[in-house]
Amino acid sequence: MIVDKSLPKFDLPVEFMAGDEFFGDILTYYSKFPCKIKSFLFVLCKEGSIRGTINQHVYTIRAGDLVTLIPGTFIQIHELDKNIRLIFAGFSSGFIEGNVQITQLDLHPVIWEHPVLHLTDETTCFYNDFFTLLINGGRTEDITFNPDALKGILQFTLAQISAAYKKQFHTEAYKLNRSNEILTKFLRLLHEHYHKEHSVSFYADKVGITFQHFCKTIKQSTGKTPSEIINNILIMDAKSYLKSTSFSVKEIAVALGFQNTSFFSKFFKHHTAMTPQEYRGK
């Protein structure tokens, strides 16, 4: 049986969407388990706070924080301020796939590691006004977001995000650092292959360095071993499958590159202290 290895996925129902009503059931749904985002989302926190996990790190997002969620990002909300106010703009996977290759995006590894930027008051006002303009445009009958217009909006948004990251993280210097170059390649490869390849040696070979050098560099750069990073993303995806799909445990095991269901179940229990079936029924 062929399984769509990209599932589960959470996408926008249309090519482009902007709004300021990011509340209720949607945010509650994201609190139940790690959710794998398929769309490209830019979210600005205007008031209140959210505490949650993005990929493998816990963040407390407050007013003035801009969150960039690239396709393939895992999110889970842990605490939600009742006064939270968010405004967002996003592009669907279908639109993104035809207009930008995420794995070739220069800032992909930096955004993956640092999805939250704290903005100055002036820059916060800019993004708030920009997203509000897009919201109002979508509500105006005489304004149509055709494909060319959406491409322009996407390019403009990415250019502004890129400038913000380059200013805050000095990405040119980041790229010149050999350790960061190795980490960048690893994260790119992991994004593409984790559902098929779990071996650290596979990624070391692809990066083109010795196994020992690879492990030492990743540990020094992230504080985690390559195995921990690989296992963490597998567990997040497994949890998302178990809670958001009706796939059997066997199907999920195959989708994540485990040819043996028993081994997948042992792997899952080792990292979560419960079997896949117990987690699904929790």
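Up top is the structure these notes are about.
So, here's what we can say about the structure. Per chain, residues are indexed from 1 in the order of the written sequence. With the structure being a predicted model, the display of local features is reserved for residues of pLDDT at least 70 and the display and counting of side-chain atom pairs for 80 or more, all residues being used for whole-chain, interface and lining totals. With hydrogens and water stripped out, all remaining heavy atoms of the structure feed into the side-chain values.

Comments concerning the environment of serine 262
Here comes step 1: Each helix is a run of DSSP H or I of at least 4 residues and each strand a run of E of at least 2, with the numbering of both proceeding from the N terminus. Along the polypeptide, serine 262 turns up in helix H12 (residues 261-272).
Here comes step 2: For the pair serine 262 and valine 249, spaced 13 residues apart in sequence, the C-alpha separation works out to 9.6 Å.

Notes on the sheet that holds strand E2 (residues 35-36)
Here comes step 1: At least two bridges found by DSSP between two strands is the condition for calling them paired. Spatial ordering of the open sheet is given by E2-E7-E4-E5, a layout of four strands whose pairing is antiparallel. Each edge of the open sheet is held by one strand with a lone partner, namely E2 and strand E5 (57-62).
Here comes step 2: Here six bridges tie strand E4 (residues 49-54) to E5, and the two strands are oriented antiparallel to one another. Bridge pairing in E5 places isoleucine 54 opposite histidine 57.

Re the pattern of salt bridges
Here comes step 1: The working definition used for a salt bridge is a side-chain nitrogen of Lys or Arg within 4 Å of a carboxyl oxygen of Asp or Glu. A complete count under the given rule lists three salt bridges for this structure.
Here comes step 2: Note that lysine 36 and aspartate 237 form a salt bridge whose closest N and O atoms lie 3.5 Å from each other. Of this pair, lysine 36 sits in strand E2 while aspartate 237 is found in helix H10 (residues 226-244), placing the two residues 201 residues apart along the sequence. One exposure class covers both lysine 36 and aspartate 237, and it is buried.
Here comes step 3: Across the pair glutamate 47 and arginine 85 runs a salt bridge, and its minimum N-O distance is 3.2 Å. Note that glutamate 47 is positioned in strand E3 (residues 40-47) and arginine 85 in strand E8 (residues 85-91), a separation of 38 residues in sequence.
Here comes step 4: Working definition: with a 1.4 Å probe on protein chains only, accessible area under 20% of the residue-type maximum means buried, over 50% means exposed, and in between means partly exposed. Judged by its relative accessible area of 38%, arginine 85 falls in the partly exposed class.

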